[in-house]
Amino acid sequence: MRITTAVPDDLDQLLAFRVEAAAWISRLGSDQWSRPYPADRLLATIEAGTVFMVRDGARTAGTITLTPEAEEGLWTPQELREVSIFVNKLTVSRDYAGENLGGRLLDWAGDRAYRSSAKWLRLDAWTDNAALQRYYLRHDFEHVRTVREGGAINGGPRVSGWLAQRPASPAQHGFEDQTPSPPAL
């Protein structure tokens, strides 16, 4: 499997991933990702070069978005002084469920963060999805705190305020990385 930078032609696939993930998560009892994500915002992140795709031959197996910018209102000014990379929209096709693809993507992200001189790999997860929070804890993230105040990017109240981090570090993720080297932060 290889990792590439997403291109605008990937937009429909990314939107479909989100719908697939929302349906699966709904069957598990969570309303995570039930509100549509604005396609124009997703396209802007693709054009910014922050969205990455896992390719398995001609198939797309997963995606992750990495950015040095934190969502407003989540991290303290002191925390924001620590150079960090933030994980967003980690999604794995259900066809690849159970293969640790998400864990490998998190390792790849931590390695990429390390190579950009970041101290932390950070994320905010759905506040009421305990299973997802346990998933991140199993992948060496430490819970920092939960923020419930504020609004969501796609409207309504904040729903993704469970904050976690792990140190950025080199990793053997097993992907063929076809992305440009990360810029130093």
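Residues numbered from 1 in each chain as written. Predicted model: local features only at pLDDT ≥ 70, side-chain atom pairs only at ≥ 80, totals over all residues. Heavy atoms only, no water.

**With respect to the environment of L105**
By the element assignment, L105 lies in helix 4 (residues 101-115). Overall, the relative accessible area of 0% leaves L105 in the buried class. (Helix = DSSP H or I, 4+ residues; strand = E, 2+ residues; numbered from the N terminus. Buried < 20%, exposed > 50% of the residue type's maximum accessible area, 1.4 Å probe, protein only.)

**Remarks on the nonpolar core**
Ranked by size, the top nonpolar core spans 27 residues in total, and within it I64, L66, V87, L105, W108, L123 and Y136 carry the most contacts. For this core, the leading source of residues is helix 4, giving six residues. Sequence-distant contacts of I64, defined by excluding residues within four places in its chain, comprise T50, V51, F52, V87, N88, K89, L90, L105, W108 and A109. (Core = buried A, V, L, I, M, F, W, Y, C linked by side-chain atoms within 4.5 Å. Contact = heavy atoms within 4.5 Å.)

**Quick look at the packing of aromatic side chains**
Ring pairs (aromatic) are described by centroid distance and by the angle formed between their planes. Using the criterion set out here, one finds four aromatic pairs in the structure. Taking 5.5 Å as the distance between ring centres and 75° as the angle between the ring planes, the aromatic pair formed by Y135 and Y136 counts as edge-to-face. Exposure remark for Y136: the relative accessible area of 8% places this residue in the buried category. Ring geometry for Y136 and F141: centres 5.7 Å apart, planes at 75°, overall edge-to-face. (Phe/Tyr/Trp six-rings, centres within 6.5 Å; stacked < 30°, edge-to-face > 60°.)

**A look at the confidence of the model for the protein chain**
Per-residue pLDDT for the protein chain has a mean of 88; in total, 86% of the residues score no lower than 70. Ranking the elements of the protein chain by mean pLDDT puts helix 1 (residues 11-27) last with 75 and strand 1 (residues 2-5) first with 98. (pLDDT = per-residue confidence, 0-100.)

**As for the pattern of salt bridges**
Evaluated as defined, the whole model comprises eight salt bridges. Between R59 and D95 there is a salt bridge, with its nearest N and O atoms 3.0 Å apart. With R59 in strand 3 (residues 59-67) and D95 in the loop between strand 4 (84-92) and helix 4, this pair connects stretches of sequence that are 36 residues apart. Overall, the relative accessible area of 43% leaves R59 in the partly exposed class. Using a relative accessible area of 53% as the deciding quantity, one classes D95 as exposed. A salt bridge links R166 to D107; its shortest N-O distance comes to 3.0 Å. Taken together, the residues span a long stretch of sequence, with R166 in strand 7 (residues 162-167) and D107 in helix 4 at a distance of 59 residues. Given a relative accessible area of 26%, D107 falls into the partly exposed group. Among the charged side chains, a salt-bridge network with shared partners connects E82, K119 and R122. (Salt bridge = Lys/Arg side-chain N within 4 Å of Asp/Glu carboxyl O.)

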